[in-house]
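# Summary of the model geometry
Here are the chains, one letter per residue:
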Amino acid sequence: MTYMFDPEPIPAGAIVNVSRRFLLKGAVATGTLVLGASLLPGRAMAEWATGAGAMPGGTVNDPHVYIAIDPSGLVTILTNRSEMGTGVRTSLPMVVADEMEADWSRVQVKQAPGDETKYGNQDTDGSRSVRHFVQPMRQCGAAMRTMLEQAAAKRWGVDPSEVKADNHVVVHLTSGYKAGFGELAAAAAALLTPPVSTLKLKDPSQFRYIGTGTISIVDLHDITTGHAPYGIDAKIPGMKFAVVARPPVVGGKLVSFDATEALKVPGVEKVVEVKGWPWPSKFMPVGGVAVVARNTGSAIKGREKLQIVWDNGANATYDSGAFRKAMEETASQPGLVVRNDGDADAALKSAAKVVTAQYYIPHLSHATMEPPSATVNVADGKCVAYAATQSPGGCRDDLAKILGLSVDDVTVNVPLLGGGFGRKSKWDYVLEAALVSKTVNAPIKLTWTREDDIQHDFYHTVSVERIDAGVDASGKVVAWRHRSVAPSIASTFKAGVDHEAPFELGMGLVDNPFDIPNLRCENGACTAHTRIGWFRSVSNIPHGFAVQSMVAELAAALGRDPKDMLLTLIGPDRIVDPRKSPGVKGFWNYGDPFDTYPIDTARLRRVAERAAQAAGWGKTLPKGQGLGIAAHRSFLTYVATVAHVAVDDHGNLSVPNVYTTMDCGFHINPERIRSQIEGAAVMGLALAKNSEITFKNGRVEQQNFDGFMVARIDEAPLHVHVDIVPADWSVPASGVGEPGLPPFAPALCNAIFAATGKRIRSLPIGQQLST
């Protein structure tokens, strides 16, 4: 199994890249099977309904788009999703290979360029890749298998029912005749894609690769040995290097600049203005001044010498400390009602006991290990970009728009992403590179430094969450009022937004599954003063932290076990349908049908019970150690985490063990699921313990990892125990990349309380344990 990053067409006789130019050369005549989009377009038919059809480009299941076989039998499978550690570049081609009966050792994977008309949706975020494409890719592989069997049957003059594909050959069951995939390639190329209704998918018991967990990612060797080409490694002959000085305050703009001293720096060749769009403007560049040089180091030194006058605009007074106080004041008052079961206000007034807590989660930066970078050449009416982007299709569309080109004249090639977390689904850095390339008439590699990355991000929203819970005389929770206050991601797209959008409210707020008769959710008004963007798990982070922390607070207030309290609140096995709750408008179920993906409390209960059992919940621990539990549904997946912490007499925190159970329905590659949960534990610890973005005078105060701290090796959880709930094809696949994160912080903080008696309500933890 190999992976090739090779966006250029390959001559006849070699492995084929299914490009438009190669198809026009009549490659079928060479004896190579080239399955191109021009032969027969096909849209996927689902065995279970998903929201994939509503995404730009929808889904494509046609092997004419995704598969090529050369005469030697080497199979090339394209992948349309960006690879940033989730393993999707392996998982989806593995599905195709399994269904078509290909020998994985004779398969290579190639990355498709940005083209959502041809390849279907390419927006690699929202934990959608597998749940939206596992069915189309099974159909794609099954169609390819059927075409190879039809070609063999025609060769031998027998009925197709008498032949069967098996591990890279097609066999005539009666005579024993065999033909390899390469031998049949040319004949299969002449066939039309069979209708989906005629395809016979494998029985899951026949899977060779799917679900086994034995297939390593295709990039493993190159990543391990340092040969994997990331976006920042891209090279174009004759390219120049650039960095950009951007307005230090969002909404600011350039007044003037003096490049005299910058141009004296050895290696600096040009200094040019970069066009900016008024905020808010989606993912358009904020503008500034670009320094173009013979190398990135010279460009950075030149930027340091620029004399720039900025107009900092309306956000020049943004102070995150003062903003927090304002949010807390808002949370103390009634807000917009977004769910209203029963009468929570009345039940709180009559409750025998009311437990109130307020939680704070700061702005966060994505801080991917590979900062944003793009290499772009705009010349001769065309644009070619090499960019580590999660959304090559959307990026391509906006490149065409700002350059005044036809989208057919724009190519976006996608190398490996050195981390994404949602940051690289915003492609402002690619647009910047294109604008500079066009201005200086040369290929440009534009790089963001770590300081650029941390100070000009699309930040995870800051949030204040207040929960009031009422308990009756018998100790039953009879009222729950949750007020959420946070600037919305929608503020990045249009002005005047002061409430969370339905998709944010649907992430752990209005979809609360608890069995409480009087449950009210409110959303306070809050205006953004910086760029807000989706971040791994998005609003599930603050909502999940508040809800699951309050569960443990209730347990402590009532003298109950936190796990038992959680299970009591989850209540009996049932389907919770927020659409039927008063006040809920436009309930968002991660863009997928509720009938396919209901809120099932039995699944939530099961993951909590399994994680607790794995952790040995209830066992006696040494002084200064404790267990904490949290369970949360996000991206249609159910996850529970038990954190085992140790806190010494000096307040030093360590995490000897993490136990996480995930129920993500039908799954392809357990090895990657384990990897994602392990990564979520490390990232969750970093965010909860150390990470925070703050603002003063409109500017981000942190610059690098000395200020915005991530977890070091000696801080990471020592052991992460992963339990994946078994599921067959009847249980629809759901998200994996993001759901592991939301339960971690509350489980961690609940464990800290169990170990020390100290309650953490404000993140990051920082020095709270040493005071």
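To keep things clear, this report deals only with the structure shown in the data block. Since we're looking at a predicted model, the values are computed, not measured. (Residues numbered from 1 in each chain as written. Predicted model: local features only at pLDDT ≥ 70, side-chain atom pairs only at ≥ 80, totals over all residues. Heavy atoms only, no water.)

Looking now at the packing of helix α15 (residues 540-558) against helix α19 (residues 744-756). The interhelical angle for the contact between α15 and α19, taken along N-to-C directions, is 25 degrees, at an axis separation of 8 Å. If you check the angle between α15 and α19, you find them roughly parallel. Where α15 crosses over α19, the two elements pack in a sense that is right-handed. Each of Gly544, Phe545, Gln548, Ser549, Ala552 and Ala556 in α15 lies in contact with α19, whose residues at this interface are Ala745, Pro746, Cys749, Asn750 and Phe753. In the contact of α15 with α19, the residues fall into seven nonpolar, four polar and no charged. (Axes fitted to C-alpha atoms, helices over the stretch in contact; angles between N-to-C directions. Helix = DSSP H or I, 4+ residues; strand = E, 2+ residues; numbered from the N terminus. Parallel < 35°, antiparallel > 145°, perpendicular 65-115°, else oblique. Left-handed = near helix turned anticlockwise from the far one by under 90°. Contact = heavy atoms within 4.5 Å. Nonpolar A, V, L, I, M, F, W, Y, C, P; charged D, E, K, R; others polar.)

Turning next to the packing of aromatic side chains. Aromatic rings in a pair are described by how distant their centres are and how their planes are angled relative to each other. Using the criterion set out here, one finds 20 aromatic pairs in the structure. Here phenylalanine 283 and phenylalanine 493 contribute two aromatic rings whose centre-to-centre distance is 5.6 Å and whose plane-to-plane angle is 70 degrees, an arrangement assigned as edge-to-face. Of this pair, phenylalanine 283 sits in the loop between β11 (268-274) and β12 (288-293) while phenylalanine 493 sits in the loop between β21 (477-485) and α14 (502-505), placing them 210 residues apart in sequence. Since its relative accessible area comes to 4%, phenylalanine 283 is described here as buried. Every member of this aromatic cluster is reached through a ring pair, and the members are Phe283, Trp427, Phe458, Phe493 and Trp534. Arginine 531 extends its terminal NZ or CZ atom over the ring of phenylalanine 458, reaching a point 3.8 Å from the ring centre. (Phe/Tyr/Trp six-rings, centres within 6.5 Å; stacked < 30°, edge-to-face > 60°. Buried < 20%, exposed > 50% of the residue type's maximum accessible area, 1.4 Å probe, protein only. Lys NZ or Arg CZ within 6 Å of the ring centre and 35° of its normal.)

This part takes up the packing of helix α11 (residues 392-403) against helix α12 (residues 428-440). One way to put it is that α11 packs onto α12 with a least axis distance of 10 Å and a crossing angle of 35 degrees. As for the relative orientation of α11 and α12, their crossing is right-handed in sense. Contact with α11, carried on its side by Cys395, Asp398, Leu399, Ile402 and Leu403, involves Val430, Leu431, Ala434, Leu435 and Lys438 of α12 and no other residues of that element. Class assignment of the residues belonging to the contact of α11 with α12 gives a composition of eight nonpolar, no polar and two charged.

This next bit is on the nonpolar core. Of all hydrophobic cores here, the largest spans 94 residues; its most connected members are Trp480, Phe514, Leu554, Leu748, Leu763 and Ile765. Ignoring sequence-local partners within four residues, the contact set of leucine 763 consists of Tyr360, Ile361, Pro362, Phe545, Ala688, Ala745 and Cys749. (Core = buried A, V, L, I, M, F, W, Y, C linked by side-chain atoms within 4.5 Å.)

Limitation: the analysis is restricted to geometry and does not speak to function.
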